[in-house]
Every structure is written in structure tokens, then in C-alpha cells.
Amino acid sequence: MAAQRPQPADSPAKPPGAGVNDEAKRAGLRRMKLVALGFLLGATVIFLLSSWWLSEGAPGWVGYVQSGAEAGMIGAIADWFAVTALFRYPLGIKIPHTAIIPTRKDALGSSLGEFVGTNFLAESVVRDKLARADLANRVGGWIAEPANAERATAELATVLRGAVTVLRDEDVQAVIEQSLVRRLVDQPWGPPLGKLLTGVFTDGSHHRLVDLLSDRAYEWVRDNYTTVLRVVSNRAPNWSPKFVDEMVADRVYGEVLNFAWAVKTDVNHPMRLAIDKFLLKFASDLQDDPETMRRADQVKYQVLEHPEVQRIIGTAWSTAKGMLLSAAEDPSSELRVRVRNGLSAIGTRLQRDAEFRAKVDGWLESAATYVVNNYRGEITTLITDTVERWDAEETSRKIELQVGKDLQFIRINGTVVGALVGLAIHGISQLLF
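Here is what the cut-offs are and how they apply
- Residues numbered from 1 in each chain as written.
- Predicted model: local features only at pLDDT ≥ 70, side-chain atom pairs only at ≥ 80, totals over all residues.
- Heavy atoms only, no water.
- Helix = DSSP H or I, 4+ residues; strand = E, 2+ residues; numbered from the N terminus.
- Buried < 20%, exposed > 50% of the residue type's maximum accessible area, 1.4 Å probe, protein only.
- Lys, Arg positive; Asp, Glu negative; His and termini not counted.
- Charge placed at Lys NZ, Arg CZ, Asp CG, Glu CD.
- 1 Å grid on protein atoms, 1.4 Å probe; cavity = no way out; pocket = protein on both sides within 12 Å on 5 of 7 lines; lining within 4 Å.
- Points joined across faces, edges and corners; volume = space filled by probe spheres on them.
- Nonpolar A, V, L, I, M, F, W, Y, C, P; charged D, E, K, R; others polar.
- Core = buried A, V, L, I, M, F, W, Y, C linked by side-chain atoms within 4.5 Å.
- Axes fitted to C-alpha atoms, helices over the stretch in contact; angles between N-to-C directions.
- Parallel < 35°, antiparallel > 145°, perpendicular 65-115°, else oblique.
- Left-handed = near helix turned anticlockwise from the far one by under 90°.
- Contact = heavy atoms within 4.5 Å.
- Salt bridge = Lys/Arg side-chain N within 4 Å of Asp/Glu carboxyl O.
- Expected span 1.5 Å × (residues − 1).
- Arc of directions from axis to C-beta.

Novice: What is the right way to look at the overall build of the protein in this model?
Specialist: Check the secondary structure of the protein and you find 19 helices and zero strands. Seen through its principal axes, the protein has C-alpha atoms that stretch 165 × 60 × 45 Å. Looking at the protein as a whole, 29% of its 433 residues qualify as buried. Placing the 50 positive and 52 negative side-chain charges of the protein at their respective mean positions leaves the two points 4 Å apart.

Novice: What is the right way to look at the layout of surface pockets in this model?
Specialist: Taking a probe equal in size to a water molecule and rolling it over the atoms shows the remaining empty space. A volume near 250 Å³ is recorded for the largest pocket. Lining the largest pocket are 15 residues, and of these Val210, Leu213, Ser214, Val263 and Ile275 sit closest to its centre. Broken down by element, the residue count for the lining of the largest pocket peaks at six residues, all from helix H10 (residues 207–223). Looking at the lining of the largest pocket residue by residue, the class counts come to 13 nonpolar, two polar and no charged. Considering only enclosed or pocket space, the second largest pocket measures out at about 180 Å³ in volume. Lining the second largest pocket, in full, are Arg26, Leu29, Lys33, Arg88, Glu394, Arg397, Lys398, Glu400 and Leu401. Among the secondary structure elements, those contributing two or more residues to the lining of the second largest pocket are helix H1 (22–55) and helix H19 (392–432). The element best represented in the lining of the second largest pocket is H19, accounting for five residues. Residue classes in the lining of the second largest pocket are distributed as two nonpolar, no polar and seven charged.

Novice: For this particular structure, what's the right way to read the nonpolar core?
Specialist: As a rule of thumb, soluble globular proteins bury nonpolar side chains together. Counting eight residues, the largest nonpolar core consists of Tyr218, Val221, Val228, Val232, Ala249, Tyr253, Leu257 and Ala260. The biggest single contributor to this core is helix H12 (residues 242–265), with four residues.

Novice: Would you take a moment to explain the packing of helix H9 (residues 190–202) against helix H13 (residues 270–288) for this structure?
Specialist: Geometrically, a packed helix pair is captured by the angle between its two axes and the distance between the axes. In contact at an axis separation of 7 Å, H9 and H13 are set at 155 degrees when each is read in the N-to-C sense. In terms of their interaxial angle, H9 and H13 are classed as roughly antiparallel. Note that H9 runs across H13; the crossing there is left-handed. Residues Gly190, Pro191, Leu193, Gly194, Lys195, Leu197, Thr198, Phe201 and Thr202 of H9 pack against Leu279, Leu280, Phe282, Ala283, Leu286 and Gln287 of H13. Looking at the contact of H9 with H13 residue by residue, the class counts come to nine nonpolar, five polar and one charged.

Novice: Would you mind showing me how to read the pattern of salt bridges here?
Specialist: Where charged atoms from two side chains of opposite charge come close, those side chains can pair. The full count for this structure, using the stated rule, is 17 salt bridges. Between Asp215 and Lys264 there is a salt bridge; the shortest N-O distance is 2.7 Å. Within this pair, whereas Asp215 is found in helix H10, its partner Lys264 is found in helix H12, the two being separated by 49 residues in sequence. Residue class for Asp215 comes out partly exposed when judged on its relative accessible area of 26%. The closest approach of N and O atoms between Arg349 and Asp353, which form a salt bridge, is 3.5 Å. Classification of Asp353 by relative accessible area gives partly exposed; the value is 25%. By sharing partners, the salt bridges in this structure join Lys33, Arg88 and Glu400 into a single network.

Novice: Help me understand the packing of helix H7 (residues 146–166) against helix H17 (residues 334–352), please; the structure alone is not making it clear to me.
Specialist: Running from N to C, H7 and H17 cross one another at 130 degrees; their axes reach a closest spacing of 9 Å. Classified by the angle their axes make, H7 and H17 are oblique. Along this stretch, H7 crosses H17, giving a crossing that reads as right-handed. The residues of H17 that touch H7, namely those facing Ala149, Glu150, Ala152, Thr153, Ala154, Leu156, Ala157, Leu160 and Arg161, are Leu335, Arg336, Val339, Arg340, Leu343 and Ser344. Its residues assigned to classes, the contact of H7 with H17 comprises nine nonpolar, two polar and four charged.

Novice: Quick question: what am I supposed to make of H13 here?
Specialist: What sets the pattern is the α-helix's 3.6 residues per turn: residues three or four places apart point alike. With 19 residues, H13 ought to run about 27 Å at 1.5 Å a step, and its terminal C-alpha atoms sit 26 Å apart, in line with that. Three or more residues of H13 are buried, namely Arg272, Leu279, Ala283, Asp285 and Leu286. In a view along the axis of H13, the buried residues occupy a sector of 160 degrees, so they form one face of it. Away from its buried face by more than 90 degrees, H13 exposes Pro270, Lys277, Phe278 and Asp288.

In short, geometric facts, not functional conclusions.
This is the structure:
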């Protein structure tokens, strides 16, 4: 068998809808066409027989049969023409206003898009539909169920895994470096850091750190007598007797130990107050003093250019990616547990809190109306552009396959109704004339 040639990229697209049912629909359409044709042939045979009988002197009632059959033939042929004219030229003759679907496919697609935009994408229609749907309450009731919350969490985890997997590491890394690192470099550190430290030092949050430093300083002095003695001895003059050095070192050690103990135990010690004053002045200089601000920026560049910091920045996405994938795959991970519990809590609140439910409904309505008001044209263009890309003949065949079976009843009804109308007309004419 010869290989099928691929369809050119610019050739008309075939409309969707081909499936395993097409053969059954095609067979059903053929049967209905034969039935409609049978009604026409039946009316024709009756008309011919009744006409022959009348020419041979048949009784008067045969005229009623002839008139009914004649009108039935006319109705059948007229409706055959009407149905056929939708999909093709009747008998291949290019009669005006026939083959409507293939010749006016684009206009029909445009009209369909306009109809959908006007009747389905109108703001009032969308708001009314959402109001009657009561989405917030229904969604809340669904996700409030633990099994549904778990299912929604699993789906979100799948989406997260897919998104993280699709992203290229080098692209994400470039975004991190361009957005985060560049923003850190471009922004001065002094004023925001000074403002932050002012708040910390003003409310005394740093006092615990001062306490820790005071404790460690006292412990170090207490446990390092020999070190203090050695330092004093090394600083003493060569001519000073050793016992004098030891006495001086012992006195210095005692004074230092007492000072460290006082700083440790007295929260209002002058040393502590001096530290507070220094820190507040430093925080203020970070915001107001140009020299301090310049030196803070120098520190910023030194920190960001440090090899270890550069290594952390370079591996930030890889580390975050691994953590996200691991958390998304593990149903018992903290991330999934929090998401699941959060969804359940939102669902419960949506059911119980009418005000919150009304807010969510309002958000949904606003979002939907924003979309239809701003993108109605793009949505309807999707319909018109898709129909324009369809092949005209193939479209006609597909539509006929879908609705042609029902349209054959028009031919059958035309035959029956035509015959009845013919009988009525003949009967009225006999009564009047």
C-alpha cells in the first residue's frame, strides 16, 4: 500500500468529529435516504396509477387519490431540493443559493461566532449563570470532604511536578540571577537595613543577644585566668619582679571579672546603655550618613561576591527544585499536609461563612465578566478562524453525516403533508365548483 502523503501545512484543515461511530451514522443516513426516496416513489406510483384509471373512467373518489399523490410528489421533491441545497448543488446544477454550507461556510462561522458572543458571552448572561450555579458553596462542599481535598492536593502536586520538570534549570537560574541578585545589587542596603535595625533596637529585641554576649564574656574571663596572667606578664617591663607581675595580673583579672559580672547581671549597666546608644546611632547613620551608607554598600558587594555566596546562588534553584519535587511526591510531606488541610479549611469556611462565600462568588463573577468583556472578540474569533480553516466539502459531508438522518424526516413529512394538503385542496375545489 502506498504511503499516505502528509497534508501540507497551509492546506484547509479537516473539521473534527471523525470517530468509530461514523460508519454507523453513514449507514443510518443511507437508510433514511432510501426511506424518504421510497415515500417519493410510492407517491409517484400512486399518481401514475390513479391518472391512468381516471383516463379509463374511474369513479370520482380516484381524483382525490390522484390530487393527494400529486401534491405528495411535489412536497417530496421540494423538500429534497431544500435538504440537498444545504450541502451541495442539486443534481450538480449550480442554482443560486444552493450548496449553502460549502459556499457560505465562512459567513456561517462568522454568524455562529457572533451568535455565541451575543447570547452566551454577554455579561448579564454570565453573571446570571454564575449566580444560579452557586459555585462557591458547591466547591466548598466538595473540597471540605477529606477524600476530595486529598484528590485535589494530589492533582496540584502533579501540576507542580510537571511545571518544575518542564522548566529548564539554566533558564530559571538566569531569572534568579537577573531578578533577585540584580535587584539586591541595585538597591542600597543602608536605609532599609537602618530602618529595620532601628525598629529592632528601639523595642529591645536585641537585648537577648547582648545577654548572650555578656554571659559568654563573663564565662571566658572566669575560665581563662592563666591567659590574663600571661597577657599582663608579657606587657610588664623586663625589670619588674615576677611576683609584682603576678600581683598586678591578679588585680587586673579581678577587676575584669567584676566588670564582666556587673555587665552580665545589671540590665541598666552603663556598658549596656552605651551599647544601646551605639547601636541606635549606627542604625540612624545607615539611613542618614552618606559615609556609613557607602561603606554598607561596599559590604554588600563583598558579601555577594564571596565564593560561598556565589555557590549558594548558583545552586539555589537545584536545591529548591529537589525540595519541591520531594515534597510533591510524598503524600505525608509537610507541604502536601498543609495544602490538604488548607483546602479542607477553605471548603468548610465556604459552607459556613455566608459573607466569605458571597465574596468568593463576587470574585468569580468579576473574573468571568472581565474575561468576556475584554476577550469576547478573541473567543469568538477562535470559532470563526477554526471554521475558516476547515475544508468546505469535507465540512459539508461531516455536517450532513451528523444531522442528515434527521433532515430526511423533512422529506418524509413533506410527502405526507403535501398529500394531505392536496386532498384538502381538491376537496374544497369540488365543494366550491
